Amino acid sequence: MKLAVKKRDILGKKVKNLRNQGLIPAVIYGKHVNAESVACVKNDLLKIYRTAGYSTPIELIGDVDQLALINSLQLDPVTDEIIAADFLAVSKTEKVAAKIPVSIYGESQLEKLNEGKIMLVKDEIEVEALPQDLPSKFEIDISVLATVNDVFFVKDLKVSDKVTVLDDPELPILTVSVLEDESSAAEWAEAPAAE
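Definitions and cut-offs
- Residues numbered from 1 in each chain as written.
- Predicted model: local features only at pLDDT ≥ 70, side-chain atom pairs only at ≥ 80, totals over all residues.
- Heavy atoms only, no water.
- Helix = DSSP H or I, 4+ residues; strand = E, 2+ residues; numbered from the N terminus.
- Buried < 20%, exposed > 50% of the residue type's maximum accessible area, 1.4 Å probe, protein only.
- Contact = heavy atoms within 4.5 Å.
- Areas by Shrake-Rupley, 256 points an atom, 1.4 Å probe, with all protein chains shown as cover.
- Arc of directions from axis to C-beta.
- Pairing = 2+ DSSP bridges.
- Core = buried A, V, L, I, M, F, W, Y, C linked by side-chain atoms within 4.5 Å.
- pLDDT = per-residue confidence, 0-100.
- Axes fitted to C-alpha atoms, helices over the stretch in contact; angles between N-to-C directions.

1. Here we look at the overall build of the protein
In step 1: A count of helical and extended segments in the protein gives four helices and 13 strands.
In step 2: In terms of its C-alpha atoms, the protein occupies a principal-axis envelope of roughly 80 × 40 × 30 Å.
In step 3: Taking all 195 residues of the protein together, the buried fraction comes to 32%.
In step 4: Taking the intrachain contacts of the protein between residues at least 6 apart in sequence as the baseline, contacts between residues at least 24 apart amount to 63%.
In step 5: With the model as given, the accessible surface of the protein reaches about 12300 Å², and the carbon-plus-sulfur share is 50%.

What follows is the structure in C-alpha cells.
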C-alpha cells in the first residue's frame, strides 16, 4: 500500500488552510530519520487506514520515500474527522513493537441460550516483529468458550513464530460473565427477612 505525501512549510494554526483543501497535516519520525512535516490527501489516508490500521506498514512516496506505520490519528472532538496524523518510520530489517487489535467472530452457545455473556476485556495485544511480519489483527472464535468458567488468555492466541508477544501470557482477553436470573433475584428480594 502506498500513500503519497508532500513536504509542507505550513505549520501551527495555518494548517487549517490545508484541511480546507482536503489535506491532512502529518509528521514522519523515527530513529532512522529526521522528523519531517508533510501533508497527504485525507481520503487516501482514510482508505489506507481502513485496510492497514496501525500495524501494517505502508510505503510513503513522493517528497519522502519511507516505509512507515500509522502511529496515531488525531480526531476532531466534535466531528470525529481526522485532523492530523503521525507516521512512525520503520526499517524492513529492524523489529518494531506495535499494538494489534483483537477481533471476535463466531457464535457463542452461552449467549444464544442466555446462560452467559462474553466480555472482551483486552482489545489490543502488544507484539514485536519485523514490520512486514506484523499481523493486522488477532481473530478469536468465540464459539470456543463453552462454559461460564471459560477464559481465553493471551497465551491461547495462535501467533506466528516470527512474532513475539510482549503482553503477559496470563492476561485474559475474553471472559464469560454469568447472566443473573432476574426472576430468582426478584423472589429473593421479596422473601421475608429471617427473624
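2. Regarding unusual backbone geometry
Comment: phi is negative for the bulk of residues other than glycine, and the bulk of peptide bonds are trans.
In step 1: Positive phi outside glycine occurs at Asp 80, with the angle close to 65 degrees.
In step 2: By the element assignment, Asp 80 lies in the loop between strand 5 (66-75) and strand 6 (82-89).
In step 3: Unusually for a residue other than glycine, Asn 114 sits at a positive phi of about 55 degrees.
In step 4: With respect to the helices and strands, the residue Asn 114 is situated in the loop between helix 3 (109-112) and strand 8 (116-120).
In step 5: Judged by its relative accessible area of 58%, Asn 114 falls in the exposed class.

3. Topic: helix 2 (residues 42-52)
In step 1: Among the residues of helix 2, those classed as buried are Lys 42, Leu 45, Ile 48 and Ala 52. Looking straight down helix 2, one finds that the buried residues subtend no more than 130 degrees of arc, so they occupy a single side. What points out from helix 2, more than 90 degrees from its buried face, is the exposed set Asn 43, Lys 47, Arg 50 and Thr 51.
In step 2: For helix 2, the secondary structure elements touched by its buried residues are strand 1 (2-7), strand 2 (23-30), strand 3 (33-41), strand 4 (58-62), strand 5 and strand 6.

4. Digging into the pairing of strand 2
In step 1: Bridge analysis of strand 2 against strand 3 gives seven bridges, and the strand direction is antiparallel. Bridging from a neighbouring strand, Ala 26 pairs with Val 38 of strand 3.
In step 2: As consecutive antiparallel partners, strand 2 and strand 3 are separated by two residues.
In step 3: In terms of strand pairing, strand 2 meets strand 6 through four bridges, oriented parallel. For Ile 28, the partnering residue across the bridge sits in strand 6 and is Phe 87.

5. Some details on the nonpolar core
In step 1: Core analysis: the biggest nonpolar cluster contains 24 residues, and Ile 125, Leu 157, Ile 173 and Leu 174 have the highest contact counts within it.
In step 2: Of all the secondary structure elements, the ones that give two or more residues to this core are strand 5, strand 7 (96-105), strand 9 (124-129), strand 10 (138-141) and strand 13 (172-178).
In step 3: Tallying contributions element by element places strand 7 first for this core, with four residues.
In step 4: In contact with Leu 174, other than residues within four places in its own chain, are Ile 104, Ile 118, Met 119, Leu 120, Val 121, Ile 140, Ile 142, Leu 145, Val 151 and Phe 152.
In step 5: Counting 20 residues, the second-largest nonpolar core is a separate cluster that includes Val 5, Cys 40, Leu 45 and Ile 58.

6. What about the confidence of the model for the protein?
In step 1: In the predicted model, the protein carries a mean pLDDT of 87, and the fraction of residues at 70 or more is 92%.
In step 2: Here helix 4 (residues 182-190) stands out as the element of the protein with the lowest mean pLDDT, 47, in contrast to strand 12 (residues 164-165), whose mean of 96 is the highest.
In step 3: Every residue in residues 182-189 scores below 50 in pLDDT, and together they form zero contacts with partners more than four places removed in sequence or on other chains.

7. Notes on the pairing of strand 3
In step 1: As defined by bridge partners, strand 1 adjoins strand 3 across two bridges and the pair is classed as antiparallel. Note that in strand 3 the partner of Lys 6 across the bridge is Ala 39.

8. Topic: the sheet that holds strand 5
In step 1: Reading around the barrel, the six strands line up as 1-3-2-6-5-4 and close back on themselves, with mixed pairing between neighbours. Within the sheet, the average angular offset between the axes of one strand and its neighbour, ignoring direction, is 45 degrees.
In step 2: Note that strand 4 and strand 5 share three bridges and pair antiparallel. Of the residues in strand 5, the one forming a bridge with Glu 59 is Leu 67.
In step 3: Strand contacts of helix 2: strand 1, strand 2, strand 3, strand 4, strand 5 and strand 6, with the helix running at about 110 degrees to strand 3, the strand carrying the most contacts.

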